[in-house]
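Structural overview for review
Given next are the chains, with one letter for each unit.
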Amino acid sequence: MPSSEATRLRLRVTGAVQGVGFRPFVHSLADRYALAGFVRNDSHGVLMEVEGARVDDFVAALRREPPPLARIDTLECETITPLRDAKFSIEPSRDGKTQTCITPDAAICDDCLNDLFDPKSRFYLYPFVNCTHCGPRYTLTRRLPYDRAQTSMAPFAMCDDCARDYADPTNRRFHAQPIACPKCGPQLAYLGPRDASLKARGPGAAMDREPSGSHHAALIRQIVTTLQSGGIVALKGIGGFHLLCDARDETAVAELRRRKGRDAKPFAVMLADVAAATRAGLFGEDELRLLQSRARPIVIVEKREEFVPSVAPGLSRIGLILPYAPLHHLLFHAAADLALVATSANPSGEPLIVDDEEAREKLASIADLIVGHDRAIVARADDSIATIIAGAPALLRRARGFVPEPIALANDGPDILALGAHLKSTITVTRGREAFVSTHIGSLDDRATIDFYRETIARMLDILDVKPERVACDLHPDLASTRYAEETGLPVIRVQHHAAHIAAIAAEHKIEGPILGAALDGYGYGDDGGAWGGELMLVDEGHWRRLGHIAPLPLPGGDRAAREPWRMGVAALAAQDRCGDVFDRFPGMELAGKVAMLASAPNVARTTSLGRMFDAAAALLGVRLVQQYEGQAAMELEALCQSPRALANGYSIENDILDLTKLFAALLKPGLSASQGAELFHGTLIEALAQWLRAAAQARGQTRVALGGGCMMNKILAEGLVSRLRDFGIEALLARAAPTNDGGLSLGQAHIARMRKV
Ligand code: ZN
Ligand code: ZN
Ligand code: FE
């Protein structure tokens, strides 16, 4: 076609294209290629028409250089009759049924960072600077469409400068709903302590609407001084309050553990920049990319700096995170060498605190200084946790920066609400061919968490505008999530825990047809009501079949056995008829004799859980007898393992049952050190599981297997298995977008419920 002739195209783009600066981007491209036409948001995404000679260049650039927070899922294009309009314009939105979603929160962009530290910028040192390419979204949006009036920015009237930027299509803050500046936007607020003597030191007494620059600067100084003198600071961030203290001050970290009532669970550490992070941890390229990504998760890496013993006791790995809110950057600007323990402010396992008043009340006994602000957090979101496993990222906790981004599914299907199980709860809503996994909610143990759970369900259904056809829940009859499912009045599909672990992987990898998988896990309610957790399954067409499992060990004391690995040690001894050894092995345990009797009783409950086998190994090796947090024994055992070593004939396989008795016997060998034992356990387990899966796959003509469950958070085990299976020509699929632990269950439940023919 001759280049002088004008072509008109109508383009429809779907994906994350609203509230991310897409229309001004389109406008600037139209200018660049001298095109006329229009662009507007609608309920499907963005619709545009462009007319001129260089429409092809326009389309290529549209695909090539979308704005940082945009994600183009589909781009439909048709040629239509030219209208010969004179210019290009951005048209107002048209409403309709929602097919879009809110974008996740994003770390401050480089341009805003420049504004933050540019004395000439009107955003200089302003803790709430943002633009269409960065800043909070999910955490401050009440409902769609994404407009300022629907966000927690609604009470802040824009000043003239902000209003001008907001209305200017050439400005980076064009239609940036949370736009704010020191003149018109949110302000930091001193919230405590109420103690007058402490307050006198700070600017708290005279806060409010003083010239805000100096007010902010004084508060930042006070935060930094408090941290540097060993104090604990509660600071409101993007998705909730953090508790912060100096990660190189043992007294401060130990005091934080004491006040928060948190025994040994590892803390994450926030560092100023990549240079500081790479001094503290061992980063490969993939880890670095993850660390600096817009989602800005906590990244688990090998420790290089120990900080102090109380940060991550007994572990070889550590979670590190970079600043993501302007406020964090201001802290490190004041003291670049800070290393900060940054942990969610959630007293006694309850949900993260987001509200200033609540913080004042509940954090007064924990923090020496509490700083909030008057921009409300509408939806709480913890820091996400990610790691690199077998060369690719895997999310261990999916929250800020990732929610509510959808996971694409293979096919269309009915809209489902899936409710998860109990620990590390999430819910999933599917709409069309997308699955929306909610933010990490937590264990449904207390009223406050269950309230947050219900709130999250309502919110997800509302922002997605979904009326589910079915609900999916766990098989366990006594969970709060199961009861919720029954209350909905919708058809309920109950999904076995480990089938859901495997199905979650099938969902995100878009597997159609049958999938063979292993769920290597802590605890899940079995088809027979038993304590399952080492399961070989085939999942297909919304159904599952248990093909095999790990040969069970006694579970003496039920739930107590999960908290007290020494009981599993006793169980492993009992399984070898070596109950007489329990007094030598566990001399400090008064109940050793009783537990041995219990473990040898013919009617004792048994478990196939690989998590409990890890506990047994850790106990037999003297690594950990009583756990302070879930997974501690297994994590400490992993930390002791340098290079896994397989014991020849350390296992047996018959009829898809994997028996590890010989491995446990080998761990009892006199003179075996804890680290030698850890290496033997990991190495033999990898070989045993790989052979087990190979036999099962070959028997069923499968060349790939899904590996799910909480034990797959163990990097040595996961990478060892992937690599060994590759030797056998079998591709191992891992959970990546949704956690391999129980945080991914809701996705798997949704997958099964939507495939089920009813
Ligand atoms: Zn920005
Ligand atoms: Zn302003
Ligand atoms: Fe599980």
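**Describing the coordination of the zinc ion (ligand 2)**
Put simply, the ideal angle at a metal is 109.5 degrees for four donors in tetrahedral geometry and 90 or 180 degrees for six donors in octahedral geometry. Only Cys-159 (SG), Cys-162 (SG), Cys-181 (SG) and Cys-184 (SG) from the protein reach the zinc ion (ligand 2) as donors, at distances of 2.2 to 2.3 Å. Each of the four donor atoms bound to the zinc ion (ligand 2) contributes to angles spanning 101 to 116°, and the resulting shape is tetrahedral. Mapped onto the polypeptide sequence, the residues donating to the zinc ion (ligand 2) form the spacing pattern C-x2-C-x18-C-x2-C. Each member of the pair, Cys-159 together with Cys-162, is buried.

**Digging into the pattern of salt bridges**
Taken as a whole and judged by the stated rule, the model has 47 salt bridges. Across the pair Arg-494 and Glu-486 runs a salt bridge whose closest N-O atoms are separated by 3.2 Å. Glu-486 gets classed as partly exposed once you look at its relative accessible area, which sits at 43%. Among the ionic pairs, Lys-715 bridges to Glu-719, the shortest N-O distance being 3.3 Å. Taken together, the residues span about one helical turn, with Lys-715 and Glu-719 both in helix H23 (residues 715-727) at a distance of four residues. Given the relative accessible area of 29%, Glu-719 is considered partly exposed. One network of salt bridges, with partners in common, ties together Arg-8, Arg-10, Glu-49, Glu-51, Glu-78 and Asp-85.

**A word on the domain arrangement of the chain**
We note that the domain assignment places domain 1 (7-90), domain 2 (188-373) and domain 3 (550-734) within the chain. Between the C-alpha centres of domain 1 and domain 3 the distance comes to 57 Å.

**A closer look at the coordination of the iron ion (ligand 3)**
For the iron ion (ligand 3), the protein coordination sphere consists of His-497 (NE2), His-501 (NE2), Asp-521 (OD), Asp-521 (OD) and Asp-742 (OD), at 2.1 to 2.7 Å. Every donor residue of the iron ion (ligand 3) comes from the same chain, spaced as H-x3-H-x19-D-x220-D. A residue pair is termed long-range when its members are at least 10 positions apart, and His-501 in helix H14 (residues 497-508) and Asp-742 in the loop between strand S31 (731-734) and helix H24 (745-755) qualify at 241 residues. Per residue, the accessibility class of His-501 equals that of Asp-742, and both read buried.

**Focus: the pairing of strand S13 (residues 339-344)**
Counted residue by residue, S13 has six buried out of six residues, so it is predominantly covered. Side chains Ala-339, Val-341 and Thr-343 project from S13 onto one buried face, and the interleaved Leu-340, Ala-342 and Ser-344 project onto a second face that is buried too. Bridging between strand S8 (residues 241-246) and S13 involves five bridges; their strand directions are antiparallel. Residue pairing in the sheet places Asp-246 in a bridge with Leu-340 of S13.

About the cut-offs
- Residues numbered from 1 in each chain as written.
- Chains lettered and ligands numbered in written order.
- Predicted model: local features only at pLDDT ≥ 70, side-chain atom pairs only at ≥ 80, totals over all residues.
- Heavy atoms only, no water.
- Donors = N, O, S within 2.8 Å, 3.2 Å for Na, K, Ca; no water.
- Tetrahedral: all angles 85-135°; square planar, octahedral: opposite > 155°, others 65-115°.
- Buried < 20%, exposed > 50% of the residue type's maximum accessible area, 1.4 Å probe, protein only.
- Salt bridge = Lys/Arg side-chain N within 4 Å of Asp/Glu carboxyl O.
- Helix = DSSP H or I, 4+ residues; strand = E, 2+ residues; numbered from the N terminus.
- Domains from an automatic or database assignment.
- Pairing = 2+ DSSP bridges.

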